[in-house]
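Close look at the chain arrangement
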Amino acid sequence: MALVAGVDSSTQSCKVVIRDASSGALVREGRAPHPDGTEVDPAAWWSALSSAIEAAGGLSDVDAVAVGAQQHGMVCLDEDGAVVRPALLWNDTRSAEAAADLVAELGARAWAEAVGSVPVASFTATKLRWLAQHEPSSAARTAAVCLPHDWLTWRLAGAPGLPALVTDRGDASGTGYWSPATGEYRPDLLSRAFGATPLVPRVLAPSEAAGSSLTGAMLGPGTGDNAAAALGVGAVEGDVIVSIGTSGTVFSVAATPAADASGTVAGFADATGRFLPLVATLNAARVLDAAAAIVRASHSELSDLALSAPAGADGLVLVPYLEGERTPNRPHATGAVHGLRLATSTPAHLARAAVEGLLCALADGLDALVAQGAAVRRVILIGGGARAEAVRVLAPAVFGVPVVVPPPSEYVADGAARQAAWVLAGTPEAPQWTLEGTQLYEADPTPFVREAYARARDLVTDRPA
């Protein structure tokens with residue numbers, strides 16, 4: 001039995017799954033935590049990966065490995081391959097002003113046509129502009145720039161020099177200087193952002209090997225977390241994936257690239273050679289964490305409270321911009337509660353408003369995909385937040401379409417493992433793994449909930465603290 005390993009190096013932790021290459025059956029798994037913060041020394045990722053591999057029983061019997069990881073980010077390396085400074089993560093918004101400057105310089109439509117997306121603070125290009133402006137000495141030392149999954153793949157290969165850095169089209173499409181439509185880097189945009197053109201990783205084909213690990217396993221090209229998740233759940237055209245993790249993402253598999261000049265939809269590539277139009281929010285599962293803390297309840301109790309309140313929470317609306325927001329692009333916004341009256345001042349009303357507010361923010365993303373031509377047959381709901389019963393039950397009413405919830409799994413790591421199996425097999429298409437145990441949720445739509453949320457959402461401003 002050939003074994004493959006998939007890695008999910010996310011914002012909060014590192015997960016490793018080891019699966020049967022032909023069937024996808026889980027053999028063993030391990031995990032380890034990451035430090036908090038929006039900037040992290042990449043050595044912490046390597047330490048966590050090493051611990052997770054050990055917890056999963058090692059890789060000595062594994063034939064192929066691939067890494068999925070948090071998108072965007074900025075890992076700067078000097079000419080010797082040493083990390084120049086802690087990596088800025090996707091959710092670090094200090095480059096918001098740099099993003100605005102870059103958009104003003106070329107115009108939103110020009111950016112969308114060039115790289116499929118309009119830069120926001122998450123994108124690597126904006127972080128490079130921030131680095132050049134605020135830490136010129138670090139910028140001067142930067143000989144190469146890569147993404148979290150690129151760096152981990154390189155380390156698994158033994159860090160064989162900067163020219164060996166590789167990436168994939170899915171993760172490259174979130175940098176702001178690679179075009180999904182043409183499949184090429186835009187060095188002019190990299191230079192515009194950074195004032196120089198450091199080495200960037202070579203972009204591999206979806207099933208192209210990235211070399212071998214130190215244990216002798218084949219290395220897949222890896223990809224970003226959302227592209228890996230789409231591969232992990234076996235998404236096809238007509239499926240929209242809603243992932244409720246540290247961030248919230250709404251994305252679909254498409255045959256043609258997207259270019260939304262409004263900046264709402266990011267025109268990313270996927271891990272199969274297709275495209276992955278995507279809407280991302282900064283606020284997702286931690287909205288539930290915050291609500292549970294406020295009402296002093298466990299997550300299961302929060303669900304029970306939410307389901308005990310009426311649809312629309314009697315007019316109580318929670319706008320969940322607790323850490324600023326990326327979509328809509330309001331990096332300095334704060335959350336807000338509207339419609340607070342004596343009658344709505346209960347834990348149940350707040351719990352319901354929190355769940356509905358979270359889902360409404362994601363439903364705005366679903367609308368944006370539809371506006372870009374996405375066909376929505378169903379929503380596949382994944383991520384830690386999807387384990388909340390209230391989220392599963394209320395989602396079809398808010399989204400207005402049937403919702404399928406696969407069994408809890410590490411779908412980013414599963415997608416990376418499926419990519420590893422694809423590289424190992426050397427076939428034109430990825431292996432077909434059957435996804436068992438999905439649950440279907442259906443409900444009558446509640447458009448009045450969306451309408452109340454939209455009114456409250458548009459009252460929120462974006463002012464620096």
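Preceding this paragraph is the structure being described.
About the criteria used
Residues numbered from 1 in each chain as written. Predicted model: local features only at pLDDT ≥ 70, side-chain atom pairs only at ≥ 80, totals over all residues. Heavy atoms only, no water. 1 Å grid on protein atoms, 1.4 Å probe; cavity = no way out; pocket = protein on both sides within 12 Å on 5 of 7 lines; lining within 4 Å. Points joined across faces, edges and corners; volume = space filled by probe spheres on them. Helix = DSSP H or I, 4+ residues; strand = E, 2+ residues; numbered from the N terminus. Nonpolar A, V, L, I, M, F, W, Y, C, P; charged D, E, K, R; others polar. Buried < 20%, exposed > 50% of the residue type's maximum accessible area, 1.4 Å probe, protein only. Phe/Tyr/Trp six-rings, centres within 6.5 Å; stacked < 30°, edge-to-face > 60°. Lys NZ or Arg CZ within 6 Å of the ring centre and 35° of its normal. Contact = heavy atoms within 4.5 Å. Arc of directions from axis to C-beta. Axes fitted to C-alpha atoms, helices over the stretch in contact; angles between N-to-C directions. Parallel < 35°, antiparallel > 145°, perpendicular 65-115°, else oblique.

Time to look at the layout of surface pockets. Roughly 1,000 Å³ of internal volume is contained in the largest pocket. Around the largest pocket, the lining is made up of 46 residues, and of these Ile244, Gly245, Thr246, Gly383 and Gly384 lie nearest the centre. For the lining of the largest pocket, the elements supplying multiple residues, two or more each, are β2 (13–20), α9 (225–233), β15 (239–244), β18 (275–281), α10 (285–294), β21 (378–382) and α14 (411–425). When the residues that make up the lining of the largest pocket are grouped by side-chain class, the tally is 17 nonpolar, 19 polar and 10 charged. Considered as a void within the structure, the second largest pocket measures approximately 600 Å³ in volume. Lining the second largest pocket we find 36 residues, and of these Leu231, Val233, Gly234, Ala235 and Arg418 sit closest to its centre.

Moving on, we come to α9. Along α9, nine of the nine residues are buried, which leaves the element largely enclosed by surrounding structure. Those residues of α9 not exposed but buried are Asp225, Asn226, Ala227, Ala228, Ala229, Ala230, Leu231, Gly232 and Val233. Looking at the residues trailing α9, positive phi occurs at glycine 234, about 65°.

For any pair of aromatic rings, the description consists of the separation of the ring centres together with the inter-plane angle of the planes. Following the criterion strictly, the structure yields three aromatic pairs and no others. On the numbers, 6.4 Å between centres and 70° between planes, the contact of tryptophan 45 with tryptophan 151 is edge-to-face. Of this pair, tryptophan 45 sits in helix α1 (residues 42–55) while tryptophan 151 sits in helix α6 (residues 148–156), and the two are 106 residues apart along the sequence. For tryptophan 45, a relative accessible area of 1% corresponds to the buried category. Centroid distance tyrosine 177 to tyrosine 185: 6.3 Å. Interplanar angle 25°. Geometry classified as stacked. In this structure tyrosine 185 comes out as partly exposed when scored by relative accessible area, which is 23%. Above the face of the phenylalanine 275 ring, arginine 169 is positioned so that its terminal group lies 5.2 Å from the ring centre.

As for its placement among the helices and strands, proline 86 is situated in the loop between β6 (75–77) and β7 (87–88). Taking the relative accessible area as the measure of exposure, proline 86 reaches 34% and is therefore partly exposed. Between the C-alpha atom of proline 86 and that of valine 40, which follows or precedes it by 46 residues, the distance is 5.0 Å. Ignoring sequence-local partners within four residues, the contact set of proline 86 consists of Glu39, Val40 and Asp41.

Below, the discussion takes up helix α15 (residues 447–457). Among all positions in α15, only Val449, Arg450, Tyr453, Ala456 and Arg457 are buried. Within α15, the buried residues cover an arc of 130° as seen down the axis, which keeps them to one side. On its buried face, α15 is in contact with β19 (317–319), β20 (336–338), α12 (347–371) and α13 (389–399).

For the pair tryptophan 45 and proline 35, spaced 10 residues apart in sequence, the C-alpha to C-alpha distance is 8.8 Å. When near neighbours in sequence (up to four residues on either side) are disregarded, tryptophan 45 contacts Ser9, His34, Val40, Gln70, Val75, Ala87, Leu89, Pro148, Trp151 and Leu152.

The subject of this paragraph is the packing of helix α2 (residues 96–106) against helix α3 (residues 108–115). The contact between α2 and α3 brings their axes to 6 Å, and the two run at 95°. Taken together, the axes of α2 and α3 lie roughly perpendicular to each other. For the pair α2 and α3, the contacting residues are Leu102, Val103 and Leu106 in the first and Ala108, Ala110 and Trp111 in the second.

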